[in-house]
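Geometric and topological summary
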Amino acid sequence: MGIMKLLNNISSINNDRTRWQKIGWLVILLLITLFLFLYIFEKGEAAERSIATITQEVLAHNPQLKAAEENHNALAKKITDIGALPDPMLTLGSKDEQTVGIKQTFNGPGMISAEVEAAKQDAAIASLNYEILRRDIVREAKEIYYQLYATDQALRIVAREKAVMQTMYHAALRRYETGSVTQQDPLKANLAIVELTA
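Each chain carries its own residue numbering, running from 1 in the written order of its sequence. Local features in this predicted model are restricted to residues whose pLDDT is 70 or higher, and side-chain atom pairs enter the listing and the counts only when it is 80 or higher, whereas totals over whole chains, interfaces and linings include all residues. Excluding hydrogens and water, the side-chain figures rest on all heavy atoms present in the structure.

Here the focus is the nonpolar core. In globular proteins that are soluble, nonpolar side chains generally tend to be buried together. Core analysis: the largest hydrophobic core is formed by 10 residues, namely Ile-51, Ile-54, Val-58, Leu-59, Leu-65, Ala-68, Leu-133, Ile-137, Val-138 and Tyr-145. What Val-138 contacts, discounting residues up to four positions off in sequence, is Thr-55 and Leu-59. Here, nonpolar core means buried Ala, Val, Leu, Ile, Met, Phe, Trp, Tyr and Cys residues that are tied together by side-chain atoms lying within 4.5 Å of each other. Buried, partly exposed and exposed residues are distinguished by accessible area as a fraction of the type maximum, computed with a 1.4 Å probe on protein chains only: under 20%, between the cut-offs, and over 50%, respectively. The next biggest cluster of nonpolar side chains, apart from the first, holds 7 residues, and it includes Ile-79, Ile-82, Val-116 and Ala-119. Residue contacts are defined here by distance: any two heavy atoms, one from each residue, within 4.5 Å place the two residues in contact.

Shown next, in the form of structure tokens:
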């Protein structure tokens, strides 16, 4: 009976994890993106925060990770609750009988240890699920960070290219005004600028 209960608990924990993954990925991605935009692109420049700092921020503010941690803590607390004996009962007789009694129930041999072992395994599974979720969030945060970093670098390169092309355009325009080149050169430079911005 103890093994079936353990298997049912493992199955329900896996179903909960799958449900949380489906619901929470959008929330995770939105939070990660928000934090990365806030910390990476301050006033148009990359922020002076490291990936480790951003990862810590994302982990600290992730509601799904907090829920997984609370689930693990609740299952870990359940271990001590199962191991304790139930509270003793005090019984008092009527006025005529004047009896006092104390009643304590004890579980059968091995019953508590089997329940404690099942609770320990539940807590271990919850701990592993928490760690898997934490690592997934860190991986996702790093992927988004580096994607944004690459995009930022690409935008900087395009801006530098545009500045070079505008310099070339103005030089070609001046040369056209002096008559040393045809009108085609400034038009080509202007077309290159338009292609960069498109």
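There's plenty left to go through after this.
Here the focus is the packing of aromatic side chains. Put simply, two rings from Phe, Tyr or Trp (the six-membered ring, in Trp's case) pair if the centres are within 6.5 Å, and we call them stacked under 30 degrees between planes, edge-to-face over 60, tilted for the rest. Overall, the coordinates contain 1 aromatic pair when judged by the stated rule. Judged by centre distance (5.1 Å) and plane angle (85 degrees), the ring pair of Tyr-145 and Tyr-146 falls under edge-to-face. The exposure class of Tyr-146 is partly exposed, given its relative accessible area of 47%.

This next bit is on helix α4 (residues 111-178). The end-to-end C-alpha distance of α4, which contains 68 residues, comes to 100 Å, matching closely the 100 Å that a straight helix rising 1.5 Å per residue would cover. Downstream of α4 by a residue or two, Gly-179 has a phi angle that is positive, lying close to 90 degrees. Where helices and strands are cited, they refer to DSSP runs of H or I of at least four residues and of E of at least two residues respectively, numbered from the N terminus. To estimate the expected span of a helix, count its residues, drop one, and scale the result by 1.5 Å.

Note on definitions: angles span 0 to 180 degrees between N-to-C directions of axes, and those axes are lines fitted to C-alpha atoms, for helices only across the stretch in contact. Relative orientation of the contacting elements α4 and helix α5 (residues 184-197) amounts to 165 degrees, with a least axis distance of 8 Å. If you check the angle between α4 and α5, you find them roughly antiparallel. Of the two possible hands of crossing, α4 and α5 adopt the one that is left-handed. In this structure, α4 contributes Val-158, Glu-161, Lys-162, Met-165, Gln-166, Met-168, Tyr-169, Ala-172, Leu-173 and Tyr-176 to the contact, and α5 contributes Asp-185, Pro-186, Ala-189, Asn-190, Ala-192, Ile-193, Leu-196 and Thr-197. Taken together, the residues of the contact of α4 with α5 sort by class into 12 nonpolar, 3 polar and 3 charged. What sets the label is the angle itself: under 35 degrees gives roughly parallel, over 145 gives roughly antiparallel, 65 to 115 gives roughly perpendicular, and the rest give oblique. A crossing counts as left-handed when the near helix is turned anticlockwise from the far one by less than a right angle, and as right-handed when that turn is clockwise. Each residue gets one of three labels, nonpolar for Ala, Val, Leu, Ile, Met, Phe, Trp, Tyr, Cys and Pro, charged for Asp, Glu, Lys and Arg, and polar for the others, Gly among them.

We now examine the pattern of salt bridges. Whenever Lys or Arg places a side-chain nitrogen within 4 Å of a carboxyl oxygen from Asp or Glu, that contact is recorded as a salt bridge. For the structure on display, the rule yields 5 salt bridges. When the shortest N-O distance is used, the salt bridge between Glu-140 and Arg-139 registers 3.6 Å. Taking the relative accessible area as the measure of exposure, Glu-140 reaches 16% and is therefore buried. A relative accessible area of 38% places Arg-139 in the partly exposed class. Of the charged contacts, one joins Glu-143 and Arg-139 as a salt bridge, the two residues approaching to 3.2 Å between their closest N and O atoms. Pair noted here: Glu-143 and Arg-139 are both in helix α4, with a separation of 4 residues, about one helical turn. Three or more residues joined by partner-sharing salt bridges are found here, namely Glu-131, Arg-134 and Arg-135.

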